[in-house]
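Close look at the chain arrangement
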Amino acid sequence: MTENPAISTKEMERAYELLQRVQGVYAQRVVGQIGLRTALLSSMLSGGHVLLESVPGLAKTTAAQTLASAVGGSFHRIQCTPDLMPNDIVGTQVFNYTSGELTTQLGPVHANMVLLDEINRSSAKTQSAMLEAMQERQTSIGGEVYKVPEPFMVMATQNPIEEEGTYVLPEAQMDRFLVKEVLTYPTPNEEVEILERLASGSLSAPLTVEPITLEDVRFLQALSGKVFVHRSIKEYVVALINTTRGGGPRPLEGFTEHVRVGASPRGGIALMKIGQALALMAGRTYVVPDDIKQLRHAVLRHRLVRTYDALANNVSPESLIDAVFAAVPVP
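Since we're looking at a predicted model, the values are computed, not measured.

**Re the packing of aromatic side chains**
For any pair of aromatic rings, the description rests on two quantities: the centre-to-centre distance and the angle between the ring planes. Following the criterion strictly, the structure yields zero aromatic pairs and no others. The side chain of arginine 14 reaches across the aromatic face of phenylalanine 219, ending 3.9 Å from its centre. Over the aromatic face of phenylalanine 325 sits the side chain of arginine 296, whose NZ or CZ is 5.8 Å from the ring centroid.

Pasting the structure below:
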């Protein structure tokens with residue numbers, strides 16, 4: 001593959017320097033969790049949203065706050081509870097008694113980085129209010145439309161072990177997240193490093209790396225969109241997506257017994273966008289098949305609806321995704 005003439009060497013050098021600064025901020029605040037860093041950074045470059053799932057205490061909130069501080073944009077954290085109302089998120093109209101007029105008070109969703117903590121604790125009504133902000137990049141208050149700031153990214157967390165007072169996210173809303181990252185426990189060495197840093201105070205020390213600006217983020221997002229994707233890579237993505245639906249160039253026998261609904265075209269778009277972001281992060285101006293494969297679990301695990309049999313037999317979405325990628329010929 002040849003170099004992409006749409007992206008200059010100077011632009012690639014600037015992108016490398018900016019990405020190094022973001023990763024420097026992340027490394028100062030979060031120990032390990034390389035997969036989480038890759039998912040957050042590639043989603044930011046793709047202009048998408050991230051769903052983070054894990055047991056409590058695995059640095060979901062810390063990682064989201066760190067990304068916001070690395071970018072230097074506005075950051076709001078929303079703690080979801082069953083009694084949280086849509087107005088608490090998008091904003092409301094307040095009557096001013098002195099002037100006799102209604103004034104609009106924008107809610108916490110109007111920020112560059114929004115952390116929705118424990119999103120599955122909020123009611124369906126509140127979750128649907130977030131949908132408009134996430135998908136349309138705007139909110140409606142009193143008949144008026146208010147755009148959210150650009151860049152805009154939602155990082156939602158959910159705890160899979162608690163079911164008391166939770167509302168399962170519907171498939172339609174899950175599909176709005178570009179990636180769903182499932183966090184695992186740190187290694188013993190990383191846990192020791194966490195304790196060491198905590199004791200020395202370096203985790204809460206002032207940042208030694210200068211954050212990038214919102215203008216820099218917009219530059220990176222535009223550059224990521226210009227990363228070259230060959231037609232054979234696009235055909236590879238489409239073949240993968242069709243295989244999750246029981247079709248594709250080499251249909252998997254008995255796959256539909258495990259998967260009720262495969263990935264939508266939005267899944268294909270997500271695979272390509274993440275591939276472009278990963279290529280840029282690797283210093284390349286074009287996408288290779290490994291870029292499509294790297295975050296396959298994070299991109300597709302929440303887009304496959306498993307059958308009752310698959311759930312009963314504990315067939316993981318990751319094993320189904322791996323079977324799809326093994327079946328489709330690599331270009």
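**Concerning the pattern of salt bridges**
According to the stated counting rule, one finds 15 salt bridges in the structure shown. Of the charged contacts in the structure, one is a salt bridge between arginine 301 and glutamate 318, with a shortest N-O distance of 2.7 Å. With arginine 301 in the loop between helix H12 (296-300) and strand S11 (305-306) and glutamate 318 in helix H14 (residues 317-327), the pair connects residues that are 17 residues apart, well separated along the chain. When its relative accessible area of 13% is taken as the criterion, arginine 301 is described as buried. Residues joined in a network through salt bridges with shared partners are Asp175, Arg266 and Arg303.

**Observations concerning the pairing of strand S4 (residues 101-106)**
Examined bridge by bridge, strand S3 (residues 91-96) and S4 share six bridges and lie antiparallel to one another. Within S4, the residue paired with asparagine 96 across the bridge is glutamate 101.

**Topic: the environment of serine 46**
Within the secondary structure, serine 46 is located in helix H2 (residues 34-46). Setting aside residues no more than four positions away along its own chain, serine 46 makes contact with Leu178, Lys273, Ile274 and Ala277. Here serine 42 takes part through its backbone oxygen, which lies 2.8 Å from a polar atom of the side chain of serine 46.

**Things to note about the nonpolar core**
With 69 residues, the main nonpolar core has Leu40, Leu67 and Ile292 as its most contacted residues. Those residues in contact with leucine 67, other than ones at most four positions away along the chain, are Val22, Leu40, Leu41, Met44, Met113, Met153 and Met155.

**With respect to the packing of helix H9 (residues 231-244) against helix H10 (residues 265-281)**
Following both chains from N to C, one finds H9 and H10 inclined at 140°, their axes separated by 9 Å at the closest point. One finds that H9 runs oblique with respect to H10. H9 and H10 meet at a crossing whose hand is right-handed. Contact residues: Lys234, Val237, Leu240 and Ile241 in H9; Gly267, Gly268, Leu271 and Met272 in H10. Looking at side-chain class alone, the contact of H9 with H10 contains five nonpolar, two polar and one charged residues.

**Here we look at the sheet that holds strand S8 (residues 153-158)**
Pairing in this open sheet of five strands is parallel, and the strands run S2-S5-S8-S1-S9 from one edge to the other. Each edge of the open sheet carries a strand with a single partner, namely strand S2 (75-79) and strand S9 (179-182). Taken pair by pair, the neighbouring strands of this sheet meet at an average axis angle of 15°, ignoring direction. Two strands pair when backbone bridges link them, and strand S1 (residues 50-53) and S8 are joined in this way by four bridges, in the parallel orientation.

**A look at the side chain of glutamine 276**
The residue glutamine 276 is located in helix H10 in this model. In this structure the side chain of glutamine 276 is engaged in a polar contact, spanning 2.9 Å, whose partner is the backbone oxygen of valine 227. If sequence neighbours within four positions are ignored, glutamine 276 has contacts with Ser224, Gly225, Val227, Val229 and Val287.

Rules used in this analysis
Residues numbered from 1 in each chain as written. Predicted model: local features only at pLDDT ≥ 70, side-chain atom pairs only at ≥ 80, totals over all residues. Heavy atoms only, no water. Phe/Tyr/Trp six-rings, centres within 6.5 Å; stacked < 30°, edge-to-face > 60°. Lys NZ or Arg CZ within 6 Å of the ring centre and 35° of its normal. Salt bridge = Lys/Arg side-chain N within 4 Å of Asp/Glu carboxyl O. Helix = DSSP H or I, 4+ residues; strand = E, 2+ residues; numbered from the N terminus. Buried < 20%, exposed > 50% of the residue type's maximum accessible area, 1.4 Å probe, protein only. Pairing = 2+ DSSP bridges. Contact = heavy atoms within 4.5 Å. Polar contact = N/O pair within 3.5 Å; in protein donor to acceptor, adjacent residues only side chain to side chain. Core = buried A, V, L, I, M, F, W, Y, C linked by side-chain atoms within 4.5 Å. Axes fitted to C-alpha atoms, helices over the stretch in contact; angles between N-to-C directions. Parallel < 35°, antiparallel > 145°, perpendicular 65-115°, else oblique. Left-handed = near helix turned anticlockwise from the far one by under 90°. Nonpolar A, V, L, I, M, F, W, Y, C, P; charged D, E, K, R; others polar.

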